[in-house]
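# Breakdown of the fold
In case you want the letters, here they are:
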Amino acid sequence: MLSRLVLRAAPAALRALPPPVAVGVLHTTRPLHTTQKSLAPVPPLPEKGGEVRHGLIPEEFFQFLYPKTGVTGPYMLGTGLLLYLLSKEIYVVNHETAAAACILTVIVYGVKKFGPDVAAFADKLNEEKVATALAMKNESIQTLQTAIEEEKKEQWRAEGHSYLFDAKRNNIAMLLEANYRERLLMVYNEVKKRLDYQVAMQTLKRQKEQDYMIQWVEKNVVQSITPQQQKESIAKCILDLKALSKSAHAAV
Amino acid sequence: LPAAVLLKDTKLMDVKLGQLGSWLAMRDFTPGGILGAVRRGYNRYYNKYINVRKGGLGGLSMVLAGYVVLSYMWSYSHVKHERRRKYH
């Protein structure tokens with residue numbers, strides 16, 4: 001029974017909390033956003049409170065009596081009531097009355113003199129509070145908007161990644177190509193070196209054979225020249241020389 | 001033809017004098033009901049006179065005046081010995 005009471009009273013109690021508190025408290029006993037009237041955004045506070053006349057009696061009382069008694073009705077009622085209370089001594093005039101009169105005089109004088117200043121001061125405090133809250137709200141809105149801008153820029157940047165990857169792919173392809181060509185060149189050089197070696201070997205061999213053959217032929221020829229032949233050839237040379245010198249003399 | 005409103009849903013200011021007795025009898029006098037009534041009354045007063053942008057003195061002074069009157073009523077049995085006349 002008590003739990004049913006709590007369940008019945010909780011929404012009313014939550015709704016009955018002053019609006020700033022009610023917004024923060026989570027409504028667990030009621031499904032959210034089914035009724036038309038939702039708590040956010042919070043309605044702004046009313047500008048002025050209910051009218052109170054002479055600081056004691058709400059204006060509704062005067063309005064209630066106005067149709068029947070006019071403007072002076074409530075004052076007549078007040079005067080009559082006061083005289084009745086005094087004459088029947090339902091309100092007893094004693095030392096406390098004098099104390100109350102002094103205190104009330106001082107209070108009324110103080111309110112009349114310093115009322116507006118205190119009101120202005122309190123209004124200024126309230127204004128500052130509201131201004132700081134508003135500034136916080138605006139600042140957070142601003143940060144969120146800049147965050148949105150940044151996010152959009154990041155998305156735009158992400159689109160450019162495809163170009164980056166293309167460039168990188170091109171780089172890698174070029175590296176591979178360069179490496180391949182370098183190795184091709186190395187292979188070519190090695191093969192050429194081996195072939196050159198073989199060619200040089202063959203040339204050297206042929207040359208050596210040639211030299212040796214020439215040497216061998218010369219040696220044999222020199223050996224074959226006998227001393228007899230050497231004398232004959234020398235005599236022939238002398239005769240030739242003589243003939244030549246004769247012809248040379250004749251020419252001169 | 002005005003729509004018939006249940007006696008349960010009428011406000012106090014709309015109840016006719018003859019219906020007052022039955023209206024009072026039908027109210028919720030359980031502890032939870034009384035607590036709810038007190039809470040509702042407090043919230044009505046609070047939201048009307050105190051929870052506003054530019055509150056005035058009336059909101060607080062009405063509460064103090066009510067406290068003064070109530071305390072006088074509670075101490076009347078003590079005060080009535082200081083009356084000046086015996087018969088009024």
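Residues numbered from 1 in each chain as written. Chains lettered and ligands numbered in written order. Predicted model: local features only at pLDDT ≥ 70, side-chain atom pairs only at ≥ 80, totals over all residues. Heavy atoms only, no water.

Operational definition: UniProt positions are given in the numbering used here, feature names are shortened, and annotations may be inferred rather than shown by experiment.
For chain B, an unreviewed UniProt entry supplies the name ATP synthase F(0) complex subunit f, mitochondrial and the organism Gymnorhina tibicen. Here is the UniProt Sequence similarities (unreviewed entry) comment for chain B, exactly as written: "Belongs to the ATPase F chain family." Taken from UniProt, the Subcellular location (unreviewed entry) comment for chain B reads in full: "Mitochondrion inner membrane".

If you check an unreviewed UniProt entry, chain A appears there as ATP synthase subunit b from Gymnorhina tibicen.

## Describing the interface of chain A and chain B
Counted only if it meets this: Between two residues, a contact is recorded if the distance between any of their heavy atoms is within 4.5 Å. Values labelled buried area give the accessible surface lost by two parts on being combined, using a 1.4 Å probe and summing over both. Think of a salt bridge as a Lys or Arg side-chain nitrogen and an Asp or Glu carboxyl oxygen that are within 4 Å of each other. Whenever two N or O atoms come within 3.5 Å, that pair is a polar contact, provided that in protein one can donate a hydrogen and the other can accept it, and provided that, for residues adjacent in sequence, both atoms are side-chain atoms. Secondary structure elements follow DSSP: runs of H or I no shorter than four residues count as helices, runs of E no shorter than two count as strands, and numbering proceeds from the N terminus. Any residue that is not Ala, Val, Leu, Ile, Met, Phe, Trp, Tyr, Cys, Pro, Asp, Glu, Lys or Arg is counted as polar, Gly included; the first ten are nonpolar and the last four charged.
At the junction of the two partners, chain A supplies 31 residues and chain B supplies 25 residues. Contact between chain A and chain B buries roughly 2,400 Å² in total, counting both sides, with carbon and sulfur atoms accounting for 52%. It is Leu 45, Glu 47 and Glu 89 of chain A that lose the most area in chain A upon contact with chain B, and together they represent 21% of the buried surface on that side. Close ionic contact of Lys 48 of chain B with Glu 60 of chain A constitutes a salt bridge, the shortest N to O distance being 2.6 Å. Our count for the contact surface shared by chain A and chain B stands at 14 residue pairs in polar contact (both at pLDDT 80 or more). Broken down by element, the residue count for the side of chain A that touches chain B peaks at four residues, all from helix 5 (residues 95-159) of chain A. For the side of chain A that touches chain B, the class distribution of residues is 17 nonpolar, seven polar and seven charged.

## Comments concerning the UniProt feature "transmembrane region" (unreviewed entry) in chain B
Here the UniProt-annotated "transmembrane region" (unreviewed entry) positions come out as residues 56-76 of chain B. The span residues 56-76 of chain B carries 86% helix and 0% strand; its end-to-end C-alpha distance comes to 31 Å.

## Looking at the packing of aromatic side chains
All names here are of chain A. Our working rule: Stacked, tilted and edge-to-face pairs are distinguished by plane angle, under 30 degrees for stacked and over 60 for edge-to-face with tilted covering the rest, among Phe, Tyr and Trp rings (Trp via its six-membered ring) whose centres lie within 6.5 Å. Throughout this description, buried means an accessible area under 20% of the type-specific maximum (1.4 Å probe, protein chains only), exposed means over 50%, and partly exposed covers the range between.
A complete count under the given rule lists six aromatic pairs over all chains for this structure. Relative to Phe 62, the ring of Phe 61 lies with its centre 6.3 Å away and its plane at 80°, an arrangement referred to as edge-to-face. Residue class for Phe 62 comes out buried when judged on its relative accessible area of 6%. By the ring-pair criterion, three or more aromatic residues cluster together here, those being Phe 61, Phe 62 and Tyr 75.

## Examining the packing of helix 3 (residues 59-69) of chain A against helix 4 (residues 73-87) of chain A
Pairs of packed helices are described in terms of their axes, by the angle between the two and the distance that separates them. Residue and element names in this part refer to chain A. Our working definition: To define axes, lines are fitted to C-alpha atoms, for helices over the stretch in contact only, and angles between the resulting N-to-C directions are given on a 0 to 180 degree scale. Roughly parallel means an angle under 35 degrees; roughly antiparallel means over 145; roughly perpendicular covers 65 to 115; every other angle is labelled oblique.
Across the interface, helix 3 lies against helix 4 with an axial gap of 8 Å and an inter-helix angle of 105°. Classed by the angle they form, the pair helix 3 and helix 4 counts as roughly perpendicular. Facing helix 3, whose interface residues are Phe 61, Phe 62, Leu 65 and Thr 69, helix 4 presents Gly 73, Pro 74, Tyr 75 and Leu 77. Among the residues forming the contact of helix 3 with helix 4, the class breakdown is six nonpolar, two polar and no charged.

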